[in-house]
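# Close look at the chain arrangement
This is what each chain is made of:
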Amino acid sequence: MFESLQDRLGSILNGLTGRGALSDKDVSAALREVRRALLEADVALEVVRDFTDKVREKAVGSEVLKSIKPGQMVVKIVHDELVEMLGSEGVAIDLNAPSPVVVMMVGLQGSGKTTTTGKIAARLTQRDRRKVLMASLDTRRPAAQEQLRQIGEQTGVETLPIIPGQSPTDIAGRAVQAAKLGGHDVVILDTAGRTHIDEPLMVEMANIRQKANPHEILLVADALTGQDAVNLARNFDDRVGITGLVLTRMDGDGRGGAALSMRAVTGKPIKLIGVGEKMDALEEFHPKRIADRILGMGDIVSLVEKAAETIDAEKAQAMAERMKAGKFDLNDLEDQLKQMQKLGGVGGIMGMMPGVGKMKDQMAAAGVDDSIFKRQLAIISSMTRRERAHPELLKHSRKKRIAAGSGTSAADINKLLKMHRQMGDMMKSMGGKGKKGGMLGKMMGGLGGGLGGMGGMGGMPDLSSMDPKQLEALQKQAQAAGLGKGSGGLPGLGGGMPGAGGLPGLGGPRLPGLPGVQKKK
Ligand SMILES: Nc1nc2c(ncn2[C@@H]2O[C@H](COP(=O)(O)OP(=O)(O)OP(=O)(O)O)[C@@H](O)[C@H]2O)c(=O)[nH]1
């Protein structure tokens, strides 16, 4: 599976990776090739279009990291988009329901439904220690029920005794009843297939569904049938409603289009893949592993990831050095604000800290939102480089110019400058104390105070004038979350977050500091 796609994409992207510079034309030409390769691999047209659009958008807007060649960056973008297209990682069969959990298997004849029923039952029994009952509802093909019985014998999983002449719906009802009486955790219903989708099949599926009330409805589809499998999934989902997919024959030499389009077209996760005829030939679906396999360029992908980490770490280190030396100008403040934004702003940062969910809501209620960062960034970007490095130059006329340029007022600029000064003072007072995380955390306390101080700007209420009770509640929650007291108006946004790594925002998008926050000393 995927071999031809792997070859094609490999040669297209290899052509890019060695180059020192890439023009828009190069990227467009490569993407045209990628598009052709995906279509030849039988990926659905709408999915291909969406994929190449997203890659183009990201490739054009992305900043190329130093030590990385532009082509390598494109490889990484293609890889990440592939993972995205394949869906989320490791969605297991959901057994989170009262016993017996009913799993209904649907699909066309010969898709591997019965085999997959046996594989899943064996896995749940042997690996997850569940008590499973299997029942074949295929009354059209006389050998079908017998086939499942044999699989049951072979895998040591119980099957529902065969009673000739019963309807599929009756068998479903009997199976659920038997599972209840027998104390089974899971009952798997192997429904009948057809050579194609027809009305009687859909009616039968709907009846069984109504009778057995399944928690999972898994569509088993043959990956080798490509686009047909995708259309089938769409149809089954429309008519019966499916909760996930199992793609069989992923061990075959198909082009892989079904696997690649399934998620994007149906919105339903691929839960498992069949990779052989044997009962243990069932695997969980890992998008990242598949993307790695398709691109075959895992080394480049990890190289780019490493470079991104290094850049962030270098930036954080440089920033820490500057702070220690008491040098913290408005360029640094701008960097900080951008980092905060990258992390999803106040909400994003707070969302990453345990136990502050409620506080986040209260802050939102108090009107603290990320528009303040945007305004602050607008003010800073309206300054000249020299002004940013030397804020003391900002006298009245300059402030007027900046206010006009950023759509704010001189008072807003004063608030920003005050906040910056407070942060600087705080840093100086802590300089050389050597506690990295503590220092950075306390600095954020300064920022918190500053944000509070910025209150009143554009209608944002000043937290320092907040109802004392509300403020007290916020502070309590901040302390409960191990954040200590903030130094200013915004309690808990910093106030000396303990931990070795400091605030995650200072270290880039990864979160080296978070364990420190959680491990309260
Ligand atoms: N190579 C390979 N063969 C598979 C896989 N899954 C199922 N098969 C084979 O496909 C054939 C058909 O599988 P069944 O499980 O009988 O198919 P079914 O969907 O139950 O068919 P009906 O009972 O007729 O509806 C069998 O020979 C299986 O061994 C797989 O993942 N890889």
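The structure under discussion appears in the preceding block.
Calculation criteria
- Residues numbered from 1 in each chain as written.
- Predicted model: local features only at pLDDT ≥ 70, side-chain atom pairs only at ≥ 80, totals over all residues.
- Heavy atoms only, no water.
- Helix = DSSP H or I, 4+ residues; strand = E, 2+ residues; numbered from the N terminus.
- Buried < 20%, exposed > 50% of the residue type's maximum accessible area, 1.4 Å probe, protein only.
- Contact = heavy atoms within 4.5 Å.
- Areas by Shrake-Rupley, 256 points an atom, 1.4 Å probe, with all protein chains shown as cover.
- Pairing = 2+ DSSP bridges.
- Right-handed = clockwise from strand over helix to strand, strands pointing away.
- Salt bridge = Lys/Arg side-chain N within 4 Å of Asp/Glu carboxyl O.
- Near = heavy atom within 4 Å.
- Polar contact = N/O pair within 3.5 Å; in protein donor to acceptor, adjacent residues only side chain to side chain.
- Nonpolar A, V, L, I, M, F, W, Y, C, P; charged D, E, K, R; others polar.
- Core = buried A, V, L, I, M, F, W, Y, C linked by side-chain atoms within 4.5 Å.
- Axes fitted to C-alpha atoms, helices over the stretch in contact; angles between N-to-C directions.
- Parallel < 35°, antiparallel > 145°, perpendicular 65-115°, else oblique.
- Left-handed = near helix turned anticlockwise from the far one by under 90°.

For the rest of this paragraph, the subject is the overall build of the protein chain. Per the secondary structure count, the protein chain includes 22 helices and eight strands. Across the 521 residues in the protein chain, those meeting the buried criterion constitute 52%. In the protein chain, 74% of the contacts between residues at least 6 apart in sequence involve partners at least 24 apart. Here the protein chain has roughly 23400 Å² of accessible surface; of this, 50% comes from carbon and sulfur atoms.

It is worth spelling out the pairing of strand β2 (residues 132-136) at this point. Within β2, five of the five residues are buried, which leaves it mostly tucked inside the rest of the structure. With five bridges connecting them, β2 and strand β4 (residues 186-190) associate as parallel partners. Bridge pairing links S136 to D190 in β4. The pairing of β2 with strand β3 (residues 158-159) spans two bridges and is parallel. Each bridged residue has a counterpart across the sheet, and for L133 the counterpart in β3 is E158. After leaving β2, the chain enters helix α6 (residues 142-155) and then returns to the sheet as β3, a path that is right-handed.

For the rest of this paragraph, the subject is the pattern of salt bridges. Oppositely charged side chains can form a pair if their charged atoms are brought close together. All chains considered together, the criterion is met by 16 salt bridges. Ionic pairing is found between E46 and R234, a salt bridge with its closest N-O pair at 3.8 Å. A residue pair is termed long-range when its members are at least 10 positions apart, and E46 in helix α3 (residues 45-61) and R234 in helix α9 (residues 227-239) qualify at 188 residues. With a relative accessible area of 45%, E46 lands in the partly exposed category. The partly exposed category is assigned to R234, whose relative accessible area is 32%. For the salt bridge of R239 with E199, the shortest nitrogen-to-oxygen distance reads 2.9 Å. With R239 in helix α9 and E199 in helix α8 (residues 199-212), this residue pair connects regions lying 40 residues apart in the sequence.

In this model, S99 is joined to P100 through a cis peptide bond whose omega is -5°. With respect to the helices and strands, the residue P100 is situated in the loop between α4 (70-86) and β1 (101-107). At R129, a position not held by glycine, the phi torsion is positive, near 55°. Looking at the element boundaries, R129 is found in the loop between α5 (113-126) and β2. In this structure, R249 is a non-glycine residue whose phi angle is positive, near 60°. Look at R249 and you get partly exposed, because its relative accessible area is 34%.

Let us now look at the site of the ligand. Near the ligand lie 19 residues; those nearest to it are K113, T114, T115, R141 and R249. Taking G110, its main chain carries an N or O atom lying 2.9 Å from an oxygen atom of the ligand. Summarising the interface, the protein chains cover 82% of the accessible area of the ligand, which totals 660 Å² for the free molecule. Among the residues making up the shell around the ligand, the classes are represented as two nonpolar, eleven polar and six charged.

Grouped together as the largest cluster of nonpolar side chains are 74 residues, with contacts concentrated most on L189, F236, L247, M250, L260 and M262. Per-element tally for this core: the top contributor is α4, with seven residues. With sequence-adjacent residues up to four places away left out, M262 is seen in contact with A221, A229, V230, A233, L245, L247, G267 and I270. M323, I372, A403 and L416 belong to the second largest nonpolar core, which has 22 residues in total.

Turning next to the side chain of D329. In this structure, D329 sits in the loop between α12 (298-324) and α13 (330-342). Among the polar contacts made by the side chain of D329, one reaches the main-chain amide nitrogen of N331 at a distance of 2.8 Å. Residues in contact with D329, not counting those within four places in the same chain, are R322, R388, A389 and H420.

Attention shifts here to the packing of α9 against helix α10 (residues 257-266). Interhelical geometry of α9 versus α10 gives an angle of 25° and a closest axis separation of 9 Å. With respect to each other, α9 and α10 are oriented roughly parallel. Judged by the twist between their axes, the crossing of α9 over α10 is right-handed. Across the interface between the two elements, Q227, A229, V230, A233, R234 and D237 from α9 touch A258, S261, M262, V265 and T266 from α10. When the residues that make up the contact of α9 with α10 are grouped by side-chain class, the tally is six nonpolar, three polar and two charged.

Relative to the helices and strands, S382 resides in the loop between α16 (371-381) and α17 (385-389). Considering only alpha carbons, one finds S382 and I402, 20 residues apart in sequence, at a separation of 5.4 Å. Beyond its immediate sequence surroundings of up to four residues, S382 is in contact with R401, I402, G405 and S406. At 3.5 Å, the side chain of S382 forms a polar contact with the backbone nitrogen of S406.

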